[in-house]
Amino acid sequence: RVREAMKKLGYHPNLIARSLASQSTKVLGLVFPSSDIFFQNPFFSTVIQGLSEGAHEKQYALQMSTGKTEEEIFEGVVHMVQG
């Protein structure tokens, strides 16, 4: 009954609350090389599409990071992990 009511009302569980309870964020972090390489190479769009579809099937979210220098990329990874 509860699930039927949830569906009827369009209720979606709060992902942040769920991650606190399960101690799992269900977020995949992706780190790509510098922006120029990333946008010029069609390989990456194919990879992102596949990752996105797979993550969606398993109800995971994707978080991406990139930068122009190794330092920017590293800082992006630190922010992604700490966030």
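Residues numbered from 1 in each chain as written. Predicted model: local features only at pLDDT ≥ 70, side-chain atom pairs only at ≥ 80, totals over all residues. Heavy atoms only, no water.

Outline the overall build of the protein chain, listing residues and values.
What the protein chain contains, in helices and strands, is five helices and two strands. Its C-alpha radius of gyration of 17 Å places the protein chain more than 25% over the 12 Å reference for a compact globule of 83 residues. Overall, the protein chain is about 55 × 30 × 15 Å in size when its C-alpha atoms are taken along their principal axes. Expressed as a percentage of its 83 residues, the buried residues of the protein chain come to 17%. Across the protein chain, contacts joining residues at least 24 apart in sequence account for 64% of those joining residues at least 6 apart. In the structure as shown, the protein chain presents an accessible area of about 7,200 Å², 57% of it carried by carbon and sulfur atoms. (Helix = DSSP H or I, 4+ residues; strand = E, 2+ residues; numbered from the N terminus. Rg over C-alpha atoms; globule rule 2.2 N^0.38 Å. Buried < 20%, exposed > 50% of the residue type's maximum accessible area, 1.4 Å probe, protein only. Contact = heavy atoms within 4.5 Å. Areas by Shrake-Rupley, 256 points an atom, 1.4 Å probe, with all protein chains shown as cover.)

Just give me the short version of the confidence of the model for the protein chain, but keep the residues and values in it.
Mean pLDDT over the protein chain stands at 82; residues scoring 70 or higher make up 90%. When mean pLDDT is compared element by element in the protein chain, helix H1 (residues 2-9) scores highest at 90, while helix H3 (residues 35-40) scores lowest at 70. (pLDDT = per-residue confidence, 0-100.)

Please provide a residue-by-residue account of unusual backbone geometry, values included.
Located in the positive-phi region is Gln59, a residue other than glycine, with phi close to 60 degrees. You can see Gln59 is positioned in the loop between helix H4 (42-57) and strand S2 (61-65). Accessibility expressed as a relative area gives 58% for Gln59, which makes it exposed.

Lay out H4 with the relevant residues and their values.
One turn of an α-helix holds 3.6 residues; hence residues three or four places apart share an orientation. In a regular helix each residue adds 1.5 Å, so 16 residues correspond to 22 Å; H4 covers 23 Å between its end C-alpha atoms and thus fits that length. Among the residues of H4, those classed as buried are Phe44, Ile48 and Ala55. Along the axis of H4, the buried residues cluster in a sector spanning 35 degrees; they form a single face. Exposed side chains of H4 directed beyond 90 degrees from the buried face belong to Pro42, Phe43, Thr46 and Glu57. Capping the start of H4 is the job of one residue whose side-chain oxygen sits 2.9 Å from the backbone nitrogen of Phe43: Asn41. Backbone geometry just downstream of H4 places Gln59 in the positive-phi region, at approximately 60 degrees. (Expected span 1.5 Å × (residues − 1). Arc of directions from axis to C-beta. Polar contact = N/O pair within 3.5 Å; in protein donor to acceptor, adjacent residues only side chain to side chain.)

Run through helix H5 (residues 70-82), naming residues and quoting values.
Counted at 1.5 Å a residue, the expected span for H5 with its 13 residues is 18 Å, and the 18 Å between its end C-alpha atoms agrees. Of the positions making up H5, those classed as buried are Ile73, Gly76 and Met80. Down the axis of H5, the smallest arc covering the buried residues is 60 degrees, so these residues share one side. Exposed residues lying more than 90 degrees from the buried face of H5 are Glu70, Glu71, Phe74, His79, Val81 and Gln82.

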